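Architecture at a glance
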Amino acid sequence: MKLRRSLVSAALVAAVVSPAVVLSAAPAFAESAAAAQTRSDNGSIAELEQAAADAAKAYTAAVANAAKVQAEASAFLDDSQPYQGKYQEAKAAAVKAAAAKDAANKEAEEASLAYGSAKEEDLPKARERMLKAIDAANAAIAADAKAKAAVTAARNALDDARVEAFRRIHTADQATKAAAAAKAAADQALAEARAAAAKPVEQPAEQPAEKPAEQPAAVTPVSNTTTAAKAGTTGKSTASTTSTTSTTSSTRATTGSTTELAETGSNPATPYLALGAGLAISLGAAALYVSRRKPATRPTS
């Protein structure tokens, strides 16, 4: 008996508390979700603002670097020092080496001719002169080749330096263009995020009220023995009932379903929860009454 009473009491408490818990928890969950969304949007906008600021700083630095590189490269191209000076020195040395080579070759030829036409007593001196002239010509030839190689190396170094200057200008220009593109993309992303945050949240469209099905008019059966007068009266009553039913249906179609609530933000399921809670309370009360009723005593035979 005690166990049955406990179960009945628990059913009553659950029937009353459950609808209240459901109705109060739904708004809380919705509010938490909205707050979390707001925090997420604010955080995203803050990150995009920081990214846009960083992109702007990078673009400013790229523009300044490009201007600096352009100035330095232009100055170098106008006066390519020290490469231009070394190249001019190598060219001057090569000219001297070429002249020395020509003179040595001429002396070697003259010494050779003198040795060939010398008398017997002059042969040792002529031979010595010829050998010295030949050695000097060979040394002059080697010096001339070295001077020419130095000129080639100096010219290549100058050309490489000029190409590097143009390469630095091109690289700086490309870096500036990339920084400008990154800045534009960051600004566009920030503008789109701000526009999305400023746009009002669209409310879900209200569903149109369902028109209830019209109830068929009540028809009063008429027996075969009913008189013509009674039949006429019954027909008027039936027509009146049909008109009343149609008026009620039209009123319901205009105001919406009887289970719909006013537009106050309440949950549309509230009437059903209230009806279920009332039914549960009634069943619990009936069970409690039955449990407390004393069983009837049987008469002894």
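Residues numbered from 1 in each chain as written. Predicted model: local features only at pLDDT ≥ 70, side-chain atom pairs only at ≥ 80, totals over all residues. Heavy atoms only, no water.

Quick word on the overall build of the chain
A count of helices and strands for the chain gives five helices and zero strands. The helix and strand sequence of the chain, counted from the amino end, reads α-α-α-α-α. Counting all 301 residues of the chain, 15% fall into the buried class. Once local pairs closer than 6 in sequence are excluded, the contacts in the chain between residues at least 24 apart make up 82%. As displayed, the chain has an accessible area near 22200 Å², and 60% of this comes from carbon and sulfur atoms. (Helix = DSSP H or I, 4+ residues; strand = E, 2+ residues; numbered from the N terminus. Buried < 20%, exposed > 50% of the residue type's maximum accessible area, 1.4 Å probe, protein only. Contact = heavy atoms within 4.5 Å. Areas by Shrake-Rupley, 256 points an atom, 1.4 Å probe, with all protein chains shown as cover.)

Quick word on the packing of aromatic side chains
A complete count under the given rule lists one aromatic pair for this structure. Geometrically, the ring pair formed by Phe76 and Tyr83 is edge-to-face, given 6.0 Å between the ring centres and 85° between the ring planes. (Phe/Tyr/Trp six-rings, centres within 6.5 Å; stacked < 30°, edge-to-face > 60°.)

Things to note about helix α2 (residues 83–117)
For α2, with 35 residues, the first-to-last C-alpha span of 51 Å sits near the 51 Å given by 1.5 Å per residue. Looking at α2, one finds that the buried residues are Gln84, Tyr87, Ala90, Ala94, Ala97, Lys101, Ala104, Ala108 and Ala111. Buried residues belonging to α2 abut α3 (123–198). (Expected span 1.5 Å × (residues − 1).)

Digging into the pattern of salt bridges
Applying the stated rule across the entire model yields nine salt bridges. A salt bridge links Arg194 to Glu49, with the shortest nitrogen-to-oxygen separation between them at 3.0 Å. Pair noted here: Arg194 is in helix α3 and Glu49 is in helix α1 (residues 2–78), with a separation of 145 residues, a long-range link. On the accessibility criterion, Arg194 (44% relative accessible area) is partly exposed. Classification of Glu49 by relative accessible area gives partly exposed; the value is 35%. Residues joined by salt bridges that share partners form a network here, namely Lys101, Asp144 and Lys148. (Salt bridge = Lys/Arg side-chain N within 4 Å of Asp/Glu carboxyl O.)

Looking at the environment of Arg162
If you trace the backbone, Arg162 turns up in helix α3. For Arg162, a relative accessible area of 31% puts it in the partly exposed group. The contacts of Arg162, once residues within four sequence positions are left out, are Phe76, Leu77, Ser80 and Gln84.

Some details on the packing of α2 against α3
Two elements in contact, α2 and α3, have axes separated by 7 Å at closest approach and are oriented at 160°. With respect to α3, the axis of α2 lies roughly antiparallel. The chirality of how α2 crosses α3 is left-handed. (Axes fitted to C-alpha atoms, helices over the stretch in contact; angles between N-to-C directions. Parallel < 35°, antiparallel > 145°, perpendicular 65-115°, else oblique. Left-handed = near helix turned anticlockwise from the far one by under 90°.)

Quick notes on the confidence of the model for the chain
Averaged over the chain, the pLDDT score is 74; the fraction of residues at 70 or greater is 56%. Confidence over residues 296–301 falls short of pLDDT 50; this stretch has zero contacts with residues more than four positions distant or in other chains. (pLDDT = per-residue confidence, 0-100.)

What to know about the side chain of Ser80
In this fold, Ser80 is placed in the loop between α1 and α2. A residue is classified by how much of its surface remains accessible, and Ser80, at 2% relative accessible area, is buried. There is a polar contact of 2.8 Å between the side chain of Ser80 and the backbone oxygen of Phe76. Discounting residues that sit within four places of it in the chain, Ser80 has contacts with Gly85, Leu158 and Arg162. (Polar contact = N/O pair within 3.5 Å; in protein donor to acceptor, adjacent residues only side chain to side chain.)

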